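Results of the structural survey
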Amino acid sequence: MAEDALAMLQQKDLQHVWHPLTQHQAYREGARPLVITGGQGAFVYTADGQAFLDAAAGLWCVNVGYGRQELADAGAKQLRELAYYPLTHSHPRAIELAERLASYLPRTPHIYFSNSGSEANEVAFKAVRQYWKQQGKPGKIKILSRFRGYHGTTMGALAATGQPGRRQGYEPLTPGFIQVAQPYCYRCPFHLEYPSCHMQCADDFERRIEIEGADTVAAIIIEPVTAGGGVIVPPVGYLKRVEEIARQYDVKLIIDEVVTGFGRLGAMFATSFFDIHPDIVTMAKGLASGYMPISATAFSDELFEGFLGGPDSQRHLRHVNTFGGHPVAAAVALANIDVIESENLVERSQTSGQKLLKGLQDALMDQPNVGDIRGMGLLVGIELVKDRLTKEPVPNAVMRSIAKAALAQGVIIGKASDVEHERNNMLMFAPPLVMTDADISQLINVVWGSVVEVMEREVAKA
Ligand SMILES: Cc1ncc(COP(=O)(O)O)c(C=O)c1O
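Residues numbered from 1 in each chain as written. Predicted model: local features only at pLDDT ≥ 70, side-chain atom pairs only at ≥ 80, totals over all residues. Heavy atoms only, no water.

1. Considering the site of the ligand
- Taken together, S116, G117, S118, N121, Y150, H151, G152, E223, D256, V258, V259 and K285 make up all the residues around the ligand.
- Separating an oxygen atom of the ligand from a backbone N or O atom of G117 is a distance of 2.8 Å.
- In isolation the ligand offers 380 Å² of accessible surface; the protein chains occlude 81% of this area.
- With three residues, helix 6 (residues 117–134) is the single largest residue contributor to the shell around the ligand.
- A breakdown of the residues in the shell around the ligand according to their chemical character gives three nonpolar, six polar and three charged. (Near = heavy atom within 4 Å. Polar contact = N/O pair within 3.5 Å; in protein donor to acceptor, adjacent residues only side chain to side chain. Areas by Shrake-Rupley, 256 points an atom, 1.4 Å probe, with all protein chains shown as cover. Helix = DSSP H or I, 4+ residues; strand = E, 2+ residues; numbered from the N terminus. Nonpolar A, V, L, I, M, F, W, Y, C, P; charged D, E, K, R; others polar.)

2. Topic: the sheet that holds strand 2 (residues 43–46)
- What the four strands build is an open sheet, ordered 1-2-3-13; its pairing is mixed. In this open sheet, the two strands that pair with only one neighbour each are strand 1 (36–40) and strand 13 (411–412).
- Strand direction decides the pairing type here: strand 3 (residues 51–54) and strand 13, joined by two bridges, are parallel. When the bridges of strand 13 are listed, L53 appears paired with V411. (Pairing = 2+ DSSP bridges.)

3. A few points about the pattern of salt bridges
- Summed over all chains, the structure comprises 26 salt bridges.
- One salt bridge connects D203 with R241, and the closest N-O pair in it is separated by 2.8 Å. Here D203, found in helix 9 (residues 200–212), pairs with R241, found in helix 10 (residues 238–248); they are 38 residues apart in sequence, far enough to count as distant.
- Across the pair E458 and K461 runs a salt bridge whose closest N-O atoms are separated by 3.2 Å. Here E458 and its partner K461 are both found in helix 16 (residues 437–461), three residues apart, which amounts to about one turn of the helix. (Salt bridge = Lys/Arg side-chain N within 4 Å of Asp/Glu carboxyl O.)

4. Regarding the domain arrangement of the chain
- Taken domain by domain, the chain consists of domain 1 (34–64 + 344–461) and domain 2 (69–342).
- Between domain 1 and domain 2, the C-alpha centre-to-centre distance is 27 Å.
- Listed as interface residues are 38 residues of domain 1 and, on the opposing side, 38 residues of domain 2.
- Across the domain 1/domain 2 interface, buried area totals approximately 3,200 Å², and carbon plus sulfur atoms make up 56% of it.
- When the buried surface of domain 1 facing domain 2 is broken down by residue, V64, M376 and V419 rank first, second and third, together holding 21% of it.
- Taken together, the links from domain 1 to domain 2 amount to three salt bridges.
- With a shortest N-O distance of 2.7 Å, E420 and R148 are connected by a salt bridge.
- Linking domain 1 to domain 2 there are 26 residue pairs in polar contact (both at pLDDT 80 or more).
- Elements represented by at least two residues in the side of domain 1 that touches domain 2 include exactly helix 3 (57–60), helix 14 (345–364), strand 11 (370–376), strand 12 (379–384) and strand 15 (426–429).
- By residue number, the principal contributor to the side of domain 1 that touches domain 2 is strand 11, which donates five residues.
- Split by residue class, the side of domain 1 that touches domain 2 holds 21 nonpolar, 10 polar and seven charged. (Domains from an automatic or database assignment. Contact = heavy atoms within 4.5 Å. Buried area = accessible area lost by both parts, 1.4 Å probe.)

This is the structure in structure tokens:
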């Protein structure tokens, strides 16, 4: 694209596009968003011909990588065949996709389709509340989640989100949501160490249920590995313990696999990897690798059957959305899952993830500002601190500078934003699962260079 055409496009962008998580004052002062016009594999291309390694896979969703002809063809074919029909009746692609998802999650074989991760979680919250009312337990309405957990941006999903930075300014949120501790071993909220801690973090759910009264608690929602809240991988046994607590107190367990599903952690779904059996599983990002918006909420037989009744019983799920299970999105999701299967991207996520984690640890662990490097599969994070002993977080401004330095070297990396005030000190990597060994080396070199460059500059300033 010619320079003046790009400048014109950017000018119109500044006038009309309101970007998420963005301080537009910076644009008024000369900063410009990248204008992405194409992509291939783990790379995206800008309107002015630059290539960037996208170590964030868009927003952690382009699992099969960019430029997949088979997904485009599946979408185009479906557009010609049946462009739209809602699931108030049915259509073949939604049926095939639901069956496919149920094959991975046999204990939650009833699939409700929506358009985003937030909506998939809203469906879960509404369904469990209605379920308990229909079970004759109308008091069971509270949803327990965790500090630093992220479940979405709509009012209910945000109420389940334990990130004060995200919630600030939007209260009052939906009532009935309560947060408990994270299994955040690097900064244990109980100042204990695993395993002698006996996982007080898991027991925090039990404590909270006892305090509130089990007859007031509808469900627990957790991410199997906390993603945007800081790549927090739970200790061995944690998820099983939470499941046990949920069962003991007759509380439904919702596992949010919006990020972790479809290979991100080196398993198709984390629930099967960790051998837990939730009542509800939600999923979105990798379901169609971002090629189309689609999400799903998978329910157990028990929950689903709690909605059966006569035509005037009002027991049916009274949640509807116009586009959920859109035929084109479902067709693209099916093609996407075919690619994940046929190219063994789940295994690749595991092996590439190990290379990335070890490579970052070898390159960076001796840096004085690197507190922790952790991850699972191709979800990896680096926690930066001012001082390794005090673990005081590196300020937001420094995190921005590091991301900017990486961008200047051709790599898009993620970083925590708006989690907690001045506690957003995580660099995060969730690249396409097709990332090559050369891409991994490039990412490690650029991250190392960016961290060293910015931290040396900070030391010189001090
Ligand atoms: C774990 C988790 N749940 C839910 C969501 C919300 O998904 P969406 O942005 O599609 O609404 C996200 C988004 O990043 C997420 O990371």
